Amino acid sequence: MQHILVTGADGFIGSHLTEMLLAQGYRVRALSYYNSFGYRGWLEGLEHPALEVVAGDVRDPHLCRHIMQGIDTVFHLAALIAIPYSYIAPDSYIDTNVKGTLNICQAAWEEKVERVVVTSTSEVYGTARYVPIDENHPKQPQSPYSASKIGADALAKSFYSAFDLPVIIARPFNTYGPRQSARAIIPTIITQIANGAEEIKLGSLSPTRDFNYVEDTCAGFIALAQCPEAIGQEVNIASNYEISMRDTLSLIARIMGKEEVRFIEDKVRIRPVKSEVFRLWGDNSLLHKLTGFTPRHTIEEGLSKTVQWFTQPEHLKNYKWQIYNV
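The model shown is predicted, which means the values in this text are computed figures rather than measured ones.

1. Considerations on the sheet that holds strand β3 (residues 51-56)
Part 1: Across the sheet, 7 strands lie side by side as β3-β2-β1-β4-β5-β6-β11; this open sheet has parallel pairing. Of all strands in the sheet, those with a lone pairing partner are β3 and β11 (234-237), marking the two edges. Neighbour to neighbour, the strand axes of the sheet diverge by 20 degrees on average, direction disregarded.
Part 2: Note that strand β5 (residues 115-119) and strand β6 (residues 167-172) share 4 bridges and pair parallel. Across the sheet, V118 pairs through a bridge with I169, a residue of β6.
Part 3: Docked against the sheet, helix α1 (residues 12-23) engages β1 (3-7), β2 (27-33), β3 and β4 (73-76), running at close to 170 degrees with respect to β1.

Quick look at the structure:
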């Protein structure tokens, strides 16, 4: 079995990817962000004979070199991703996203790792200049977060060019599903409705997004890692489908049988005008050409599974639906 390292394995996408890799027979070393409580995030309760959980921080180059030993493939997901918090603490985004990626690439090169999949984001494109957005679309740093990810992607590609490190830049569009943070719009809508709110507080409803169910995003990651032709490339993981925030709200309300809910614009949740990404619609043709991969879930199917998970009492109680999570 290949030995896989997943950084950010304790997070939303990382935990799903870890589970999928284990189910496919890989050995997984999962990096969980160190804390003195021994808390493993979404890896809590996950036990498997092929799973090794390691606590640490990608900002430490020595730690990165240590956890890279004996690894065949790296999925690098560890990052700060909340856009509103990047307005408040941009320096921490450079430390984690840029320096962390440097440390992972350096360690992978020194340990002669066979494949390094670096996680990008559709936010690097900014508001679409044309749709669907392919990998040649200009990069537009409209937030400190997106700027840090543009820098991290460029740094990773430089290791491919300068040191022949087998890097793939996987660029998922808006991923959603069970375990997602309440700062994201879909959990925000579901948790408010599930707790009986009749007025749903949200930001602007006019932006559009290309939503991807988390299992499809993870399957896209694995398909790219298994594709030698993807090395050195930036590849979108997208659904090739666009939906507005307003229509997303309506669809969730219909799935939950609460179509009478009303929308209230919460100014705290609105991004600065020049920082808001008003349109995202990803072109997934390169991913399909390279790997044959296409998403399995429609937006209705993915949202139904997400609603089912969030509305279970043992899950819903962990979300502070009354407050805005930055």
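Now that the structure has been shown, we can carry on.
2. Section: the side chain of S120
Part 1: Within the secondary structure, S120 is located in the loop between β5 and α5 (144-163).
Part 2: The class for S120 is buried, based on a relative accessible area of 4%.
Part 3: Side chain to side chain, S120 and D153 meet in a polar contact 2.5 Å long.
Part 4: For S120, the contacting residues outside a window of four places in its chain are K149, D153, I169, A170, R171 and P172.

3. Concerning the packing of aromatic side chains
Part 1: Counted by the stated rule, this structure contains 12 aromatic pairs.
Part 2: Arranged with centres 6.2 Å apart and planes meeting at 50 degrees, the rings of Y85 and Y93 form a pair that is tilted.
Part 3: Given the relative accessible area of 1%, Y93 is considered buried.
Part 4: Among the aromatic residues, ring-to-ring pairing joins W42, W309, F310 and Y319 into one connected group.

4. A short note on the packing of helix α6 (residues 185-194) against helix α8 (residues 245-255)
Part 1: Their axes nearest at 10 Å, the elements α6 and α8 cross at an angle of 40 degrees. The orientation of α6 relative to α8 falls into the category oblique. Remark: the crossing between α6 and α8 carries right-handed chirality. Together, I185, I186, I189, I190 and I193 of α6 and M245, T248, L249, I252 and A253 of α8 make up the contact between the two elements.
Part 2: Partitioning the contact of α6 with α8 into residue classes produces 9 nonpolar, 1 polar and no charged.

Criteria and cut-off values
- Residues numbered from 1 in each chain as written.
- Predicted model: local features only at pLDDT ≥ 70, side-chain atom pairs only at ≥ 80, totals over all residues.
- Heavy atoms only, no water.
- Pairing = 2+ DSSP bridges.
- Helix = DSSP H or I, 4+ residues; strand = E, 2+ residues; numbered from the N terminus.
- Axes fitted to C-alpha atoms, helices over the stretch in contact; angles between N-to-C directions.
- Contact = heavy atoms within 4.5 Å.
- Buried < 20%, exposed > 50% of the residue type's maximum accessible area, 1.4 Å probe, protein only.
- Polar contact = N/O pair within 3.5 Å; in protein donor to acceptor, adjacent residues only side chain to side chain.
- Phe/Tyr/Trp six-rings, centres within 6.5 Å; stacked < 30°, edge-to-face > 60°.
- Parallel < 35°, antiparallel > 145°, perpendicular 65-115°, else oblique.
- Left-handed = near helix turned anticlockwise from the far one by under 90°.
- Nonpolar A, V, L, I, M, F, W, Y, C, P; charged D, E, K, R; others polar.

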